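# Descriptive analysis of the structure
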Amino acid sequence: MARPGYRLALLATALTVVVVLLGAYTRLTHAGLGCPDWPGCYGFLGVPMSEHKQTLAAERFPDAPLEVHKGWNEMIHRYFAGALGLVILGLAVQAVRRRHTPGQPVRLPLLVLAVVIAQAIFGMWTVTLQLWPQVVTAHLLGGFATLSLLFLLCLRLSGGLAPLPGLSRRLRAFAAVALLLVIGQIALGGWVSANYAAVACVDLPTCHGEWWPDMDFANGFHLTQHIGPNYLGGMLYNEARTAIHMSHRLGALTLTLVLLTLAALLWRQGLGRLAALLVAALAVQVTLGISNVLFHLPLAVAVGHNGGGAALLLVLVLVNYRLRPLRASQPEAAPAQARAHYVPTRPFPLPQRTP
């Protein structure tokens, strides 16, 4: 039976999916600076629509001309993110109040709240530092971290999905490594997006007609670069962007091999559903990634690729959750239904005492 707070955690998880997709949509429509200030837009709570407000906006930010559609893309993302923050605050408050209830997670909701507060700070820096790639990538990773932690909270509050006994430590370790590789690949994808390197190669399987084109890894992954005036559209030249794009491709190839191996290991252990779910999520993500290159980054496919990355991450979180080791308080016993009908017996009847 689900524990108290499960439905609210499920709502927060669904809302986080929307926020992640809206963030991708905002970034891909080049609306990250649709509002040059934070948390408002040109000094208003919403996008200035009247002629008077637009005149004031032009006076306040003469170097940032208003584009209404980009402003709304940015503000809608902020509205949903703000609503998510309030829901997560409610989760944390409920967890503290129910801290003495058996099985109630407390540290995890508080951790999610801390991550969301950090996300708000990174959201502000995304605007004030004008899309500095390091901050944009960290902001994207924070969104995925929020999603995975909320999903983990849902699993813990669900009251089901007990750990699977009798599995080897090697399988658990392999699943943990696979999860780390997925996180690394998401970080690479964020770096690709932040540096506008998604279309640095427009052919497959080669890049610019070559298997190993000219690439500049030093500048492509120069993480200590100074903060520039404005990174909208990117500031790297072709060889650096090609290096970023090809690194993401090689990472995708490596990750595909690792996840297929993990799926095979799960299948051998009799966990066919987990294996099928993993392969399905991987197939969708690879298909979307290839489509991004072949069709030159169509908006719907690019947003879907972000969603596919989130889905793949959640599948790995689920796999690792099911493979977690049994605790000392979790006996490896028969199902509850069988235990309920168990009647102890004695091999020989005890002699009756006579008065």
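For every chain, the first residue of the written sequence is number 1, and numbering continues from 1 along that sequence. Restriction of local features to residues with pLDDT of at least 70 applies here, the model being predicted, together with a cutoff of 80 or more for giving and counting side-chain atom pairs; totals for whole chains, interfaces and linings are based on all residues. Hydrogens and water molecules were not included; the side-chain quantities draw on all heavy atoms of the structure.

The name an unreviewed UniProt entry assigns to the protein is Heme A synthase, from the organism Stutzerimonas azotifigens. UniProt positions are given in the numbering used here, feature names are shortened, and annotations may be inferred rather than shown by experiment. We quote the UniProt Subcellular location (unreviewed entry) comment for the protein here in full: "Membrane".

### Things to note about helix α4 (residues 107-128)
Compared with an ideal rise of 1.5 Å per residue, which puts 22 residues at 32 Å, α4 spans 32 Å between its outermost C-alpha atoms and is within 8% of the ideal. The cut-offs for exposure are 20% and 50% of the maximum accessible area for each residue type, with area from a 1.4 Å probe on protein chains only; residues under the lower value are buried, those over the upper are exposed, and the others partly exposed. Labels follow the DSSP assignment, with helices taken as runs of H or I lasting at least four residues and strands as runs of E lasting at least two, numbered in each case from the N terminus. Every buried residue of α4 is listed here: Leu108, Pro109, Val112, Leu113, Val115, Val116, Gln119, Gly123, Thr126 and Val127. Taken end-on, α4 shows its buried residues confined to a sector of 160°, consistent with a single buried face. Buried residues along α4 sit against α3 (68-97) and α5 (133-157). Expected span, for any helix, means 1.5 Å times one less than how many residues it has. For this quantity, the arc is that covered by the directions from the helix axis to the C-beta atoms. Contacts: residue pairs with any heavy atoms within 4.5 Å of one another.

### Observations concerning the layout of surface pockets
Of the pockets and cavities examined, the largest pocket occupies roughly 1,200 Å³. Two kinds of site are reported from a 1 Å grid over the protein atoms alone, namely cavities, where a 1.4 Å probe fits but cannot get out, and pockets, open sets with protein on both sides within 12 Å along at least five of seven lines, and residues are called lining when an atom falls within 4 Å of a point. If you trace the largest pocket, you find 43 residues lining it, with Gln185, His248, Gly289, Asn292 and His305 closest to the centre. Contributing elements (two or more residues each) for the lining of the largest pocket: α1 (6-28), α5, α6 (169-194), α8 (238-268), α9 (272-294) and α10 (299-322). Tallying contributions element by element places α8 first for the lining of the largest pocket, with nine residues. Nonpolar residues are Ala, Val, Leu, Ile, Met, Phe, Trp, Tyr, Cys and Pro. Charged residues are Asp, Glu, Lys and Arg, and all others, Gly as well, are polar. Residue composition of the lining of the largest pocket, by class: 27 nonpolar, 14 polar and two charged. Grid points are joined across faces, edges and corners, and a volume is the space filled by probe spheres set on the points. Considered as a void within the structure, the second largest pocket measures approximately 970 Å³ in volume.

### What about the pattern of salt bridges?
A side chain of one charge can pair with a side chain of the opposite charge if their charged atoms are brought near each other. By definition, a salt bridge exists where a carboxyl oxygen of Asp or Glu is found within 4 Å of a side-chain nitrogen of Lys or Arg. Enumeration over the complete set of coordinates arrives at two salt bridges. Notably, a salt bridge pairs Glu67 with Lys70, separated by 3.6 Å at the nearest N-O pair. Residue Glu67 is classed as partly exposed on the basis of its relative accessible area, which comes to 37%. Judged by relative accessible area, which is 16%, Lys70 ranks as buried. A salt bridge links Glu74 to Arg78; the shortest N-O distance between them is 2.8 Å. In this pair, Glu74 and Arg78 are both assigned in helix α3, four residues apart and thus about one turn of the helix distant. The same class applies to Glu74 and to Arg78, which are both buried.

### Concerning the side chain of Asn320
Structurally, Asn320 is set in helix α10. When residues no more than four places from it in sequence are discounted, the contact partners of Asn320 are Arg172, Ala175, Ala176 and Leu179.

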